[in-house]
Amino acid sequence: MHPILKKSVAVTTILIAVLFAAMLIIRSNERAASEDRKIDIEHGEVVADNLNTVWDIAILPDGDILATERSGTVKRIGGITASFEVPDVLETSEGGLMGLALHPNFSDNREIYLYLTVRKNGEIKNRVERHRLTENALENKTIIIDDIPGADRHNGGRIAFGPDDLLYVTTGDALIPNLSQDTNSLAGKILRVNPDGSPAENNPFGNLVYSYGHRNPQGLAWDSQGRLWSVEHGPAAQDEINLIEAGENYGWPIIEGGQRRQGMRTPNRHSGNDTWAPGGLAIINDTCSLPASEGNPCIWQ
Ligand SMILES: [Ca+2]
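In this report, the structure presented in the accompanying data block is examined. Predicted model only: the values in this text are computed from it and were never measured. (Residues numbered from 1 in each chain as written. Predicted model: local features only at pLDDT ≥ 70, side-chain atom pairs only at ≥ 80, totals over all residues. Heavy atoms only, no water.)

A look at unusual backbone geometry
Point 1. In this structure, Pro253 follows Trp252 across a cis peptide bond, with omega equal to 0°.
Point 2. Secondary-structure assignment places Pro253 in the loop between β15 (240–244) and β16 (269–270).
Point 3. Phi is positive for His154, close to 65°, though the residue is something other than glycine.
Point 4. For His154, the position within the fold is in the loop between β8 (138–149) and β9 (159–161). (Helix = DSSP H or I, 4+ residues; strand = E, 2+ residues; numbered from the N terminus.)

Concerning the coordination of the calcium ion
Point 1. Around the calcium ion, the protein contributes the donor atoms Glu240 (OE), Glu240 (OE) and Tyr250 (O), at 2.3 to 2.5 Å from the metal centre. Taken as a pair, Glu240 in strand β15 and Tyr250 in the loop between β15 and β16 lie far apart in primary sequence, 10 residues in all. Taken as a pair, Glu240 and Tyr250 share a single burial class, namely buried. (Donors = N, O, S within 2.8 Å, 3.2 Å for Na, K, Ca; no water. Buried < 20%, exposed > 50% of the residue type's maximum accessible area, 1.4 Å probe, protein only.)

Some words on the sheet that holds strand β7 (residues 123–133)
Point 1. Strand order across the open sheet formed by 4 strands is β5-β6-β7-β8, with antiparallel pairing between neighbours. In the strand order of this sheet, the two ends are held by β5 (97–102) and β8, each with one partner. Between one strand axis and the next, the sheet turns through 25° on average, direction left out of account. (Pairing = 2+ DSSP bridges. Axes fitted to C-alpha atoms, helices over the stretch in contact; angles between N-to-C directions.)

Remarks on the pattern of salt bridges
Point 1. Across all of its chains, the model carries 17 salt bridges by this definition.
Point 2. A salt bridge links Lys75 to Glu69; the shortest N-O distance between them is 3.9 Å.
Point 3. For Lys75, a relative accessible area of 23% corresponds to the partly exposed category.
Point 4. The shortest N-O distance in the salt bridge between Glu248 and Arg265 comes to 3.4 Å. Remark: Arg265 occurs in the loop between β15 and β16 and Glu248 occurs in the loop between β15 and β16; sequence separation between them is 17 residues.
Point 5. Glu248 sits in the partly exposed class, given a relative accessible area of 26%.
Point 6. Each of the salt bridges in this network shares a partner with another, and the network as a whole consists of Asp88, Arg127, Glu129 and Lys141. (Salt bridge = Lys/Arg side-chain N within 4 Å of Asp/Glu carboxyl O.)

Focus on the side chain of Thr53
Point 1. On the secondary structure map, Thr53 appears in the loop between α2 (30–35) and β1 (54–59).
Point 2. Reaching out from Thr53, the side chain makes a polar contact with the side chain of Asn52 at a distance of 3.4 Å.
Point 3. Setting aside anything within four residues of it in sequence, one finds Thr53 in contact with Thr68, Glu69 and Arg70. (Polar contact = N/O pair within 3.5 Å; in protein donor to acceptor, adjacent residues only side chain to side chain. Contact = heavy atoms within 4.5 Å.)

Here we look at the packing of aromatic side chains
Point 1. On inspection of all chains with the given rule, the structure shows 4 aromatic pairs.
Point 2. Seen from their ring centres, Tyr113 and Phe161 are 5.1 Å apart, and the 75° between their planes marks the pair as edge-to-face. A residue pair is termed long-range when its members are at least 10 positions apart, and Tyr113 in strand β6 (residues 111–120) and Phe161 in strand β9 qualify at 48 residues.
Point 3. Of the residues examined, Phe161 reaches a relative accessible area of 15% and is grouped as buried.
Point 4. One aromatic cluster in this structure is built from Tyr168, Tyr210 and Trp222.
Point 5. Looking at Arg215, its charged tip hangs above the ring of Trp252, at a distance of 5.3 Å from the centre. (Phe/Tyr/Trp six-rings, centres within 6.5 Å; stacked < 30°, edge-to-face > 60°. Lys NZ or Arg CZ within 6 Å of the ring centre and 35° of its normal.)

Here we look at the side chain of Asn203
Point 1. Looking at the element boundaries, Asn203 is found in the loop between β11 (189–193) and β12 (209–212).
Point 2. Owing to a relative accessible area of 8%, Asn203 belongs among the buried residues under this scheme.
Point 3. Polar contacts involving the side chain of Asn203 include one to the main-chain carbonyl oxygen of Asn207, which spans 2.9 Å.
Point 4. Once you skip the residues sitting within four places of it in the chain, Asn203 turns out to touch Arg192, Leu208, Val209 and Tyr210.

Quick notes on the sheet that holds strand β2 (residues 65–69)
Point 1. Taken in spatial order, the 4 strands line up as β1-β2-β3-β4 in an open sheet, and their pairing is antiparallel. Only two strands of the sheet have a single neighbouring strand rather than two, namely β1 and β4 (82–85). Here the strands of the sheet are splayed against their neighbours by 20° on average, with no regard to which way each runs.
Point 2. In terms of strand pairing, strand β3 (residues 73–77) meets β4 through 4 bridges, oriented antiparallel. When the bridges of β4 are listed, Thr73 appears paired with Glu85.

Following this line, the structure appears as C-alpha coordinates:
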(Lines give C-alpha, C1' and ligand atoms only; values in the text may rest on other atoms or scores of the structure.)
Protein backbone atom coordinates (compact mmCIF):
# COMPACT_ATOMS: atom_id res chain seq x y z
CA MET A 1 0.00 0.00 0.00
CA HIS A 2 1.25 3.48 -0.74
CA PRO A 3 2.71 5.00 2.46
CA ILE A 4 0.32 7.93 2.43
CA LEU A 5 -2.68 5.73 1.92
CA LYS A 6 -1.35 3.34 4.47
CA LYS A 7 -1.07 6.21 6.85
CA SER A 8 -4.56 7.43 6.18
CA VAL A 9 -5.92 4.00 6.90
CA ALA A 10 -3.78 3.87 10.00
CA VAL A 11 -5.16 7.16 11.27
CA THR A 12 -8.70 5.98 10.83
CA THR A 13 -7.86 2.75 12.59
CA ILE A 14 -6.34 4.68 15.42
CA LEU A 15 -9.33 6.86 15.92
CA ILE A 16 -11.52 3.85 16.17
CA ALA A 17 -9.01 2.22 18.48
CA VAL A 18 -8.93 5.29 20.70
CA LEU A 19 -12.65 5.15 21.08
CA PHE A 20 -12.67 1.48 21.71
CA ALA A 21 -9.95 1.76 24.30
CA ALA A 22 -11.72 4.66 25.93
CA MET A 23 -14.94 2.73 26.02
CA LEU A 24 -13.24 -0.27 27.53
CA ILE A 25 -11.51 1.84 30.11
CA ILE A 26 -14.28 4.16 30.99
CA ARG A 27 -17.39 2.09 31.28
CA SER A 28 -18.67 1.12 34.66
CA ASN A 29 -20.83 -1.95 34.83
CA GLU A 30 -24.55 -1.45 34.52
CA ARG A 31 -25.27 -2.11 38.13
CA ALA A 32 -22.70 0.40 39.24
CA ALA A 33 -23.96 2.86 36.67
CA SER A 34 -27.46 2.63 37.98
CA GLU A 35 -26.34 3.07 41.56
CA ASP A 36 -23.63 5.60 40.99
CA ARG A 37 -23.13 7.54 37.77
CA LYS A 38 -19.40 7.93 38.41
CA ILE A 39 -17.26 6.03 35.95
CA ASP A 40 -15.33 3.06 37.26
CA ILE A 41 -12.04 3.06 35.42
CA GLU A 42 -10.89 -0.14 37.08
CA HIS A 43 -13.35 -2.39 35.33
CA GLY A 44 -13.62 -1.83 31.61
CA GLU A 45 -16.76 -2.63 29.71
CA VAL A 46 -18.18 -1.61 26.36
CA VAL A 47 -20.73 1.16 26.89
CA ALA A 48 -21.76 1.81 23.32
CA ASP A 49 -21.22 0.20 19.98
CA ASN A 50 -22.24 0.66 16.38
CA LEU A 51 -20.73 4.11 16.53
CA ASN A 52 -19.47 5.75 13.36
CA THR A 53 -15.79 6.79 13.41
CA VAL A 54 -15.67 8.39 16.81
CA TRP A 55 -13.11 11.17 16.86
CA ASP A 56 -13.13 12.70 20.34
CA ILE A 57 -14.72 12.17 23.73
CA ALA A 58 -15.33 14.25 26.84
CA ILE A 59 -16.57 13.22 30.25
CA LEU A 60 -19.43 15.27 31.63
CA PRO A 61 -19.52 16.20 35.33
CA ASP A 62 -22.19 13.56 35.97
CA GLY A 63 -20.01 10.85 34.42
CA ASP A 64 -21.80 10.57 31.11
CA ILE A 65 -19.69 10.57 27.95
CA LEU A 66 -19.98 12.91 24.99
CA ALA A 67 -18.48 11.62 21.76
CA THR A 68 -18.19 13.08 18.28
CA GLU A 69 -18.85 10.89 15.28
CA ARG A 70 -16.93 12.22 12.29
CA SER A 71 -20.02 12.05 10.10
CA GLY A 72 -21.57 14.87 12.13
CA THR A 73 -23.20 13.60 15.32
CA VAL A 74 -22.56 14.28 18.99
CA LYS A 75 -23.58 11.24 21.04
CA ARG A 76 -24.34 11.30 24.72
CA ILE A 77 -23.73 7.94 26.38
CA GLY A 78 -24.48 6.91 29.94
CA GLY A 79 -27.28 7.91 32.26
CA ILE A 80 -28.84 9.90 29.43
CA THR A 81 -28.69 8.54 25.89
CA ALA A 82 -29.03 11.19 23.21
CA SER A 83 -27.84 11.99 19.71
CA PHE A 84 -27.39 15.51 18.35
CA GLU A 85 -26.93 16.23 14.67
CA VAL A 86 -24.46 19.04 13.98
CA PRO A 87 -25.48 20.99 10.86
CA ASP A 88 -23.22 21.62 7.87
CA VAL A 89 -20.60 18.93 8.62
CA LEU A 90 -18.68 17.79 5.54
CA GLU A 91 -17.07 14.40 6.12
CA THR A 92 -13.96 13.85 4.02
CA SER A 93 -11.26 11.19 4.27
CA GLU A 94 -9.65 13.12 7.16
CA GLY A 95 -12.28 15.74 7.85
CA GLY A 96 -15.69 16.06 9.42
CA LEU A 97 -16.85 16.54 12.98
CA MET A 98 -13.68 16.11 15.03
CA GLY A 99 -12.56 17.85 18.23
CA LEU A 100 -14.76 18.28 21.27
CA ALA A 101 -14.05 20.27 24.43
CA LEU A 102 -16.04 21.36 27.45
CA HIS A 103 -15.77 24.97 28.62
CA PRO A 104 -13.79 25.13 31.90
CA ASN A 105 -16.99 26.38 33.56
CA PHE A 106 -19.20 23.85 31.81
CA SER A 107 -21.03 23.02 35.04
CA ASP A 108 -22.35 26.58 35.09
CA ASN A 109 -22.70 27.51 31.41
CA ARG A 110 -23.17 24.12 29.68
CA GLU A 111 -20.98 25.28 26.78
CA ILE A 112 -19.24 22.79 24.49
CA TYR A 113 -16.84 23.46 21.63
CA LEU A 114 -16.67 21.54 18.36
CA TYR A 115 -14.16 21.51 15.48
CA LEU A 116 -15.71 20.62 12.14
CA THR A 117 -15.12 20.59 8.41
CA VAL A 118 -17.62 22.37 6.16
CA ARG A 119 -17.98 23.37 2.54
CA LYS A 120 -18.17 27.15 2.22
CA ASN A 121 -18.46 28.97 -1.09
CA GLY A 122 -17.33 25.80 -2.83
CA GLU A 123 -14.18 25.40 -0.72
CA ILE A 124 -13.40 23.03 2.11
CA LYS A 125 -12.91 24.92 5.37
CA ASN A 126 -12.77 24.10 9.05
CA ARG A 127 -14.24 26.03 11.93
CA VAL A 128 -14.76 25.99 15.68
CA GLU A 129 -18.28 26.35 17.07
CA ARG A 130 -19.62 26.86 20.56
CA HIS A 131 -22.95 25.31 21.56
CA ARG A 132 -24.97 25.07 24.72
CA LEU A 133 -25.79 21.49 25.66
CA THR A 134 -29.24 20.77 27.07
CA GLU A 135 -30.74 17.35 27.63
CA ASN A 136 -32.48 17.48 24.27
CA ALA A 137 -30.50 19.76 22.02
CA LEU A 138 -27.43 21.71 21.11
CA GLU A 139 -28.49 25.35 21.31
CA ASN A 140 -27.10 28.86 20.81
CA LYS A 141 -24.64 27.88 18.07
CA THR A 142 -21.90 30.45 17.64
CA ILE A 143 -19.03 30.17 15.16
CA ILE A 144 -16.01 31.38 17.12
CA ILE A 145 -13.23 30.62 14.57
CA ASP A 146 -14.12 30.56 10.88
CA ASP A 147 -12.32 29.91 7.58
CA ILE A 148 -9.54 27.64 8.77
CA PRO A 149 -8.13 26.23 5.49
CA GLY A 150 -9.29 22.68 4.86
CA ALA A 151 -8.88 19.86 2.37
CA ASP A 152 -9.74 16.23 1.91
CA ARG A 153 -6.90 15.47 4.32
CA HIS A 154 -4.70 17.36 6.83
CA ASN A 155 -7.43 19.23 8.70
CA GLY A 156 -5.96 19.02 12.22
CA GLY A 157 -8.97 19.09 14.51
CA ARG A 158 -7.94 18.67 18.14
CA ILE A 159 -9.23 21.30 20.57
CA ALA A 160 -8.50 21.56 24.29
CA PHE A 161 -8.66 24.12 27.07
CA GLY A 162 -5.32 24.64 28.80
CA PRO A 163 -4.63 25.22 32.49
CA ASP A 164 -4.82 28.93 31.57
CA ASP A 165 -8.49 28.44 30.55
CA LEU A 166 -7.61 29.40 26.97
CA LEU A 167 -8.67 27.25 24.02
CA TYR A 168 -5.92 25.62 21.96
CA VAL A 169 -6.73 24.39 18.45
CA THR A 170 -4.64 22.27 16.07
CA THR A 171 -4.95 22.90 12.34
CA GLY A 172 -3.45 20.98 9.42
CA ASP A 173 -1.63 22.29 6.39
CA ALA A 174 -4.69 21.61 4.20
CA LEU A 175 -2.37 19.93 1.66
CA ILE A 176 -0.63 23.26 0.98
CA PRO A 177 2.58 22.80 3.01
CA ASN A 178 3.88 26.34 2.61
CA LEU A 179 0.86 27.71 4.50
CA SER A 180 2.39 26.21 7.63
CA GLN A 181 5.22 28.79 7.44
CA ASP A 182 2.85 31.75 6.92
CA THR A 183 1.99 33.19 10.33
CA ASN A 184 -0.92 35.06 8.75
CA SER A 185 -2.56 31.77 7.69
CA LEU A 186 -4.56 29.61 10.08
CA ALA A 187 -3.28 26.42 8.39
CA GLY A 188 -0.56 24.24 9.92
CA LYS A 189 -0.75 25.94 13.29
CA ILE A 190 -1.61 25.62 16.92
CA LEU A 191 -3.99 28.46 17.71
CA ARG A 192 -4.63 30.00 21.14
CA VAL A 193 -7.85 31.90 21.70
CA ASN A 194 -10.13 33.21 24.40
CA PRO A 195 -13.36 31.25 24.94
CA ASP A 196 -15.12 33.67 22.54
CA GLY A 197 -12.60 32.97 19.75
CA SER A 198 -10.70 36.26 19.99
CA PRO A 199 -6.88 36.19 20.05
CA ALA A 200 -5.46 35.45 23.46
CA GLU A 201 -3.59 38.30 25.07
CA ASN A 202 0.14 38.22 24.27
CA ASN A 203 -0.23 35.87 21.34
CA PRO A 204 3.12 36.12 19.53
CA PHE A 205 1.89 37.47 16.19
CA GLY A 206 -1.10 39.50 17.38
CA ASN A 207 -3.53 37.06 15.78
CA LEU A 208 -4.85 33.61 16.68
CA VAL A 209 -1.54 31.84 15.97
CA TYR A 210 0.40 30.42 18.91
CA SER A 211 2.94 28.21 17.10
CA TYR A 212 3.58 27.40 13.44
CA GLY A 213 5.36 25.11 11.02
CA HIS A 214 3.07 22.17 11.82
CA ARG A 215 1.94 19.58 9.30
CA ASN A 216 -1.10 17.89 10.84
CA PRO A 217 -1.09 17.98 14.65
CA GLN A 218 -3.89 16.06 16.34
CA GLY A 219 -2.82 15.72 19.95
CA LEU A 220 -2.64 18.29 22.76
CA ALA A 221 -1.83 17.66 26.42
CA TRP A 222 -0.23 19.48 29.36
CA ASP A 223 2.25 18.07 31.87
CA SER A 224 2.38 18.76 35.62
CA GLN A 225 4.48 21.88 35.00
CA GLY A 226 1.78 23.28 32.76
CA ARG A 227 3.85 22.75 29.61
CA LEU A 228 2.01 22.02 26.37
CA TRP A 229 2.95 19.00 24.28
CA SER A 230 1.62 18.10 20.86
CA VAL A 231 1.93 15.20 18.45
CA GLU A 232 1.69 15.46 14.70
CA HIS A 233 1.73 13.21 11.69
CA GLY A 234 4.80 13.14 9.49
CA PRO A 235 4.45 12.62 5.73
CA ALA A 236 4.82 8.82 5.82
CA ALA A 237 7.02 8.31 8.85
CA GLN A 238 8.75 11.00 10.97
CA ASP A 239 5.82 11.48 13.31
CA GLU A 240 6.68 14.01 16.00
CA ILE A 241 6.13 14.92 19.62
CA ASN A 242 6.93 18.54 20.34
CA LEU A 243 7.08 20.79 23.36
CA ILE A 244 4.99 23.73 22.20
CA GLU A 245 6.04 27.28 23.03
CA ALA A 246 4.68 30.63 21.91
CA GLY A 247 5.91 31.87 18.55
CA GLU A 248 8.10 28.86 17.80
CA ASN A 249 8.50 27.38 14.32
CA TYR A 250 8.24 23.57 14.21
CA GLY A 251 9.74 23.35 10.76
CA TRP A 252 7.22 21.91 8.32
CA PRO A 253 7.73 21.68 5.38
CA ILE A 254 11.36 22.81 5.53
CA ILE A 255 12.55 20.26 8.06
CA GLU A 256 10.96 17.09 9.38
CA GLY A 257 11.81 14.43 11.93
CA GLY A 258 15.25 14.91 13.42
CA GLN A 259 16.45 17.49 10.89
CA ARG A 260 17.77 20.77 12.24
CA ARG A 261 17.65 24.32 10.96
CA GLN A 262 18.43 27.66 12.60
CA GLY A 263 15.29 29.21 14.06
CA MET A 264 13.28 26.00 13.90
CA ARG A 265 12.45 23.45 16.55
CA THR A 266 13.40 19.82 16.14
CA PRO A 267 10.96 17.48 17.89
CA ASN A 268 11.72 16.16 21.35
CA ARG A 269 11.02 12.74 19.91
CA HIS A 270 10.15 11.41 16.48
CA SER A 271 9.34 8.06 14.96
CA GLY A 272 12.20 7.98 12.46
CA ASN A 273 11.39 5.61 9.67
CA ASP A 274 8.50 4.10 11.61
CA THR A 275 4.94 5.36 11.76
CA TRP A 276 3.05 6.04 14.96
CA ALA A 277 0.15 7.75 13.19
CA PRO A 278 -0.55 9.64 16.42
CA GLY A 279 -4.24 10.54 16.45
CA GLY A 280 -4.16 11.85 20.00
CA LEU A 281 -2.06 12.43 23.11
CA ALA A 282 -2.59 11.97 26.82
CA ILE A 283 -0.21 12.72 29.67
CA ILE A 284 -0.73 10.74 32.84
CA ASN A 285 1.72 11.14 35.73
CA ASP A 286 3.98 13.03 33.31
CA THR A 287 4.13 10.03 31.03
CA CYS A 288 3.10 10.66 27.45
CA SER A 289 0.84 8.11 25.89
CA LEU A 290 -0.24 8.24 22.32
CA PRO A 291 -2.38 5.74 20.51
CA ALA A 292 -0.39 3.94 17.87
CA SER A 293 -1.81 1.78 15.17
CA GLU A 294 1.29 -0.26 14.59
CA GLY A 295 2.44 -2.15 17.64
CA ASN A 296 1.85 -1.11 21.20
CA PRO A 297 1.08 2.41 22.30
CA CYS A 298 4.24 4.44 22.57
CA ILE A 299 4.70 5.32 26.20
CA TRP A 300 7.73 6.95 27.76
CA GLN A 301 8.74 9.38 30.41
CA1 LIG B 1 8.44 19.42 12.79
